[in-house]
Amino acid sequence: MATIPIPIKPAAAAGAPARSLWQRQRWLILRRTSQLLILLAFLSGPWFGLWIAKGNLSSSLTLGVLPLTDPLLLLQTLATGHVPYSAALTGAAIVLVFYLLFGGRIFCSWVCPVNVVTDAAAWSRRRLGIKTGRVPDANTRYWLLGGTLVASALTGALAWEWVNPVSLFHRALIFGMGGAMFVIGGIFLYDLLVASRGWCGHLCPVGAFYGLLGKTALVRVAAPNRKACDDCMDCFAVCPEPQVIRPALKKVGQESPLILASDCTTCGRCIDVCDKQVFKMTHRFDQRSE
Amino acid sequence: MDTGKKPARKVTEAVSPASAARRKFINSVAAAAGGGCLLALGAGLYSKSASALPAQALRPPGALPEPDFLAACVRCGLCVRDCPYDILKLSDLGDTVATGTPYFTARKIACEMCEDIPCVKACPTGALDRELTDINQARMGLAALVDHESCLNFLGLRCDVCYRVCPVIDKAITLETQHNPRSDRHAMLLPTVHSDHCTGCGKCEKSCVLPEAAIKVFPRALAQGALPAHYRKGWEEKARHGGSLIGEQVELPVRGFEGPTAGRSATETVLAPSAPAPAVQAPSAPAAPKTPPGVNSHWKP
């Protein structure tokens, strides 16, 4: 997919009513808080002796009772031929149901620590006006997802977990390791210099997997006030998956104002940046449009 | 995106926008598939090359055999968290142990062998097998006294530290008395590891007083040999059945030996430490003390 150069609108847009910092950054602040709290839940134990969650995003035990396991990891384990204990199976089922209900890629924008890094890379890229590089096809991630499962089946080991930046980074943050920082630094530079939104939007098989879970998500972003859109392109510039906006905003192939594409990470950044307040966070059955 | 605007190459005028779009689609799919498979293949190959457990890394108790362990372990670190002595560690990227998997290094810190085995209970996937309920049955590795040249007991001293710290003392490590041929009047008490009792906890290696441990604990696959499955030990079979299974053999005299073993038949088991015998006889037999000091009895271990 070709990158379309998007001009960034000057900060003080003429005629737009001044919005407070909270109005302009609300969803970003909420997301960063969510990501931080999840990290703190794992770190309060080793730091303060207060154990809320043990383990990491791969598999964890919260408050000694709630098991959670990454369903993709479970799928890879099953591909190797190993059938894990019921704790891991239950944990994966809970996570699976949660993301099926609320939207698969909520993981990407509200939980995953790599998201902070790639958001920073995207922000820097916009700010520095970097236009270089070549973006891989967005479907690469689905091939990579299949590849990780095939690799597990062929090697009989969780091959992808040797290099998976998502679990590497989270594990490194919680257990204090340095090696993963090279991979994360690599991803930052890749997103900054080579491919806009290259990792999360085009390559990451974990995101691809959660995207597949997002077909029935209840929580959705909608553009009910799309009449007010003045084509400033701010939402396209900031959106990590810009292709999801058009159908809802411009009625391309659909009448509904809901962003239904499962690639949407429900990050709410479009709501934040839109001066005309076109977007809002709503549920799947909210078809209202002004 | 702009397939419609850009006319296909003039040479092939027959190419319609539809077929150009198709070609672009096929190209992008091929690129995505190629890129995706290449990355996955790379990860697979890397994992394959890194899947050999290094000699000094030991898995927690109850760990499945290494290939099964690498299939089962999701690298969550719950075992690390539940280890009360902070012995386990998750491997970092670039370590020689598979990324994110738990291990410990005996020389740095050894397993305390908790009776309730909390690390095994914590494992959600069965990479640490809950069949293990008695920590004495754990087989994390196998100790081996690798350096006979520096081990103090082999030099004839009484260090014994590895033997004393062994949680399965007198079963996993015993002190075997042997004659010291250097002084010819002392014993050497040689620390000897028995694989059917050694848990591989690493206490012996951790406590070895030398700057570099003479006794080391390795993953079992590295430290232990195996007899062919069809081998039978004649003396065991003989004892079990109350007699030789292949009938009486022709007994040939042994030649070329002088000393205590001379004249014995080849089928007779020779027990090495028959040396203390003269000491016991010493008070009754006055001939023994007459032996001049420093005379070599010609016995070699």
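Up top you'll find the structure we're talking about.
The rules we used
- Residues numbered from 1 in each chain as written.
- Chains lettered and ligands numbered in written order.
- Predicted model: local features only at pLDDT ≥ 70, side-chain atom pairs only at ≥ 80, totals over all residues.
- Heavy atoms only, no water.
- Pairing = 2+ DSSP bridges.
- Helix = DSSP H or I, 4+ residues; strand = E, 2+ residues; numbered from the N terminus.
- Axes fitted to C-alpha atoms, helices over the stretch in contact; angles between N-to-C directions.
- Contact = heavy atoms within 4.5 Å.
- Buried < 20%, exposed > 50% of the residue type's maximum accessible area, 1.4 Å probe, protein only.
- Salt bridge = Lys/Arg side-chain N within 4 Å of Asp/Glu carboxyl O.
- Phe/Tyr/Trp six-rings, centres within 6.5 Å; stacked < 30°, edge-to-face > 60°.
- Lys NZ or Arg CZ within 6 Å of the ring centre and 35° of its normal.

K.L.:
Got a sec to walk through the sheet that holds strand β3 (residues 66–69) of chain A? Specific residues and values, please.
P.N.:
Residues and elements named next belong to chain A. The three strands lie next to each other as β1-β2-β3, forming an open sheet whose pairing is antiparallel. Two strands bound the open sheet, and with one partner strand each, they are β1 (53–56) and β3. In this sheet, adjacent strand axes meet at a mean angle of 10° when their direction is disregarded. With four bridges connecting them, β1 and strand β2 (residues 59–62) associate as antiparallel partners. Bridged to A53 within β2 is T62. On the sheet, helix α1 (residues 21–48) packs against β1 and β2 and is oriented at approximately 105° with respect to β1.

K.L.:
I'd like to hear about the pairing of β3 of chain A, residue by residue, with values.
P.N.:
Residues and elements named next belong to chain A. Burial along β3 is one-sided: P67 and T69 are buried, and none of L66 and L68, which face the opposite way, are. With four bridges connecting them, β2 and β3 associate as antiparallel partners. Looking across to β3, one finds that S60 is bridged to L68. Between the end of β2 and the start of β3, which pair antiparallel, lie three residues, with L63 showing a positive phi angle near 50°.

K.L.:
Account for unusual backbone geometry, with residues named and values stated.
P.N.:
Residues and elements named next belong to chain A. Even without a glycine there, the phi angle at L63 is positive, about 50°. Relative to the elements of secondary structure, L63 occurs in the loop between β2 and β3. Even without glycine at this site, R197 takes up a positive phi of about 55°. Of note, R197 is situated in the loop between α8 (180–194) and α9 (198–203). Of the residues examined, R197 reaches a relative accessible area of 11% and is grouped as buried.

K.L.:
Go over the pattern of salt bridges with me, naming the residues and quoting the values.
P.N.:
All names here are of chain A. Scanning the entire structure with this criterion turns up 20 salt bridges over all chains. Between R197 and D119 there is a salt bridge, and its shortest N-O distance comes to 2.8 Å. Of this pair, R197 sits in the loop between α8 and α9 while D119 is found in helix α5 (residues 114–128), placing the two residues 78 residues apart along the sequence. With respect to class, R197 is no different from D119; both count as buried. Two residues, R171 and E161, come together in a salt bridge whose shortest N-O distance is 3.9 Å. Taken together, the positions of R171 in helix α7 (residues 165–175) and E161 in the loop between α6 (140–155) and α7 put the pair ten residues apart, joining distant regions of the chain. Owing to a relative accessible area of 1%, E161 belongs among the buried residues under this scheme.

K.L.:
Kindly report on the packing of aromatic side chains, identifying the contributing residues and their values.
P.N.:
Residues and elements named next belong to chain A. Following the criterion strictly, the structure yields eight aromatic pairs over all chains and no others. Centre to centre, the rings of W27 and W110 are 6.2 Å apart; their planes meet at 75°, and the pair counts as edge-to-face. Residue W27 is located in helix α1, and its partner W110 is located in helix α4 (residues 106–111); the two are separated by 83 residues in the primary sequence. Judged on exposure class, the residue W27 and its partner W110 are both buried. Arranged with centres 5.1 Å apart and planes meeting at 85°, the rings of F98 and Y99 form a pair that is edge-to-face. The exposure class of F98 is partly exposed, given its relative accessible area of 39%. Assessed through its relative accessible area of 7%, Y99 is described here as buried. Above the ring of W51, the side-chain terminus of K54 is found at 5.5 Å from the ring centroid.

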